[in-house]
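Each chain is listed here by its residues.
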Amino acid sequence: MKRLAGTLVAAGLALFGAAGSAAAQDSTTCSAWLVESSRFMNVPFGSFMPDRAFVPGSTNPLNNISTVDLPVNVGVIKCGAELILYDSGWKQQDYHKMTGTDHWAPLPEQLKLLGFDAADVTKIVIGHGHWDHAGQLSDFPNATLYVQREELRGIEWALNYPHPKIRR
């Protein structure tokens, strides 16, 4: 956890440094939080680790875990005037109903608990374009989105996919 928080702070410093002078960066105190945006509940363990698929009655520790709860975390970095998010979580309500999850809260509401307003978010860095990482982008009207060039090409490809049930 400390390593991840340090990574988030380093990311915040790097982003701040790109926007400000080196002198300003040196005098700026940065803080980072890791917010659990939601949780995928009761995910079949073998979904993410196929070699560890559940085997009923197994005594092998690699095969006797049927489900796992997976957190969806969002990094929040406050660095000077910058309020930066790493990922934005998800909010697909139909999926919540379908899976019975009740482990979710809108990220703007979670930011309020930290003393921040969604309108104050200046930058959002997404690791990749999946809906559980970029699902609440529209809730941050003043933020600039940062995404890797190749990831952006993949998103563009998916948005232009010719099958009407896949393309949006």
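The rules behind these values
- Residues numbered from 1 in each chain as written.
- Predicted model: local features only at pLDDT ≥ 70, side-chain atom pairs only at ≥ 80, totals over all residues.
- Heavy atoms only, no water.
- Core = buried A, V, L, I, M, F, W, Y, C linked by side-chain atoms within 4.5 Å.
- Buried < 20%, exposed > 50% of the residue type's maximum accessible area, 1.4 Å probe, protein only.
- Helix = DSSP H or I, 4+ residues; strand = E, 2+ residues; numbered from the N terminus.
- Contact = heavy atoms within 4.5 Å.
- Phe/Tyr/Trp six-rings, centres within 6.5 Å; stacked < 30°, edge-to-face > 60°.
- Pairing = 2+ DSSP bridges.

Q: Is there a simple way to explain the nonpolar core in this structure?
A: Taken as a class, soluble globular proteins show a tendency for nonpolar side chains to be buried jointly. Within the largest apolar cluster, 14 residues are counted, with the highest numbers of intra-cluster contacts made by Val76, Leu85, Leu107, Leu111, Val121, Ile124 and Phe140. Listed by contribution, the elements that provide at least two residues to this core are strand S2 (67-79), strand S3 (82-86) and helix H4 (107-113). Setting aside residues up to four positions removed in sequence, phenylalanine 140 forms contacts with Leu85, Ser88, Leu107, Pro108, Leu111, Ala118, Val121 and Ile124.

Q: When you look at the packing of aromatic side chains in this model, what are you seeing that I'm missing?
A: Remark: the centre distance and the inter-plane angle together describe each pair of aromatic rings, the angle taken between the planes. According to the stated counting rule, one finds three aromatic pairs in the structure shown. Here phenylalanine 40 and tryptophan 90 contribute two aromatic rings whose centre-to-centre distance is 5.0 Å and whose plane-to-plane angle is 20 degrees, an arrangement assigned as stacked. A residue pair is termed long-range when its members are at least 10 positions apart, and phenylalanine 40 in strand S1 (residues 30-44) and tryptophan 90 in the loop between S3 and helix H3 (93-99) qualify at 50 residues. Just as phenylalanine 40 is buried, tryptophan 90 falls in that class too.

Q: Sorry, what's going on with the pairing of S3 here?
A: Regular strands show a simple pattern: their side chains alternate between the two faces of the sheet. Counting buried positions along S3 gives four out of five residues, so the element sits mostly inside the fold. In terms of strand pairing, S2 meets S3 through five bridges, oriented antiparallel. In the strand pairing of S3, cysteine 79 is matched with glutamate 82. Between S2 and the antiparallel strand that follows it, S3, lie two residues; glycine 80 among them carries a positive phi value of about 60 degrees. Sheet topology note: the S3/strand S4 (residues 123-125) ladder contains three bridges and is parallel.

Q: Which parts of the structure should I look at to understand the side chain of glutamine 136?
A: Looking at the element boundaries, glutamine 136 is found in the loop between helix H5 (131-134) and strand S5 (144-146). On the basis of relative accessibility, which here comes to 0%, the residue glutamine 136 falls in the buried class. Excluding its chain neighbours within four sequence positions, the residues that come into contact with glutamine 136 are Ser37, Ser88, Gly89, Trp90, Lys91, Trp104, Pro106, Leu107 and Pro108.

These figures capture arrangement, not role.
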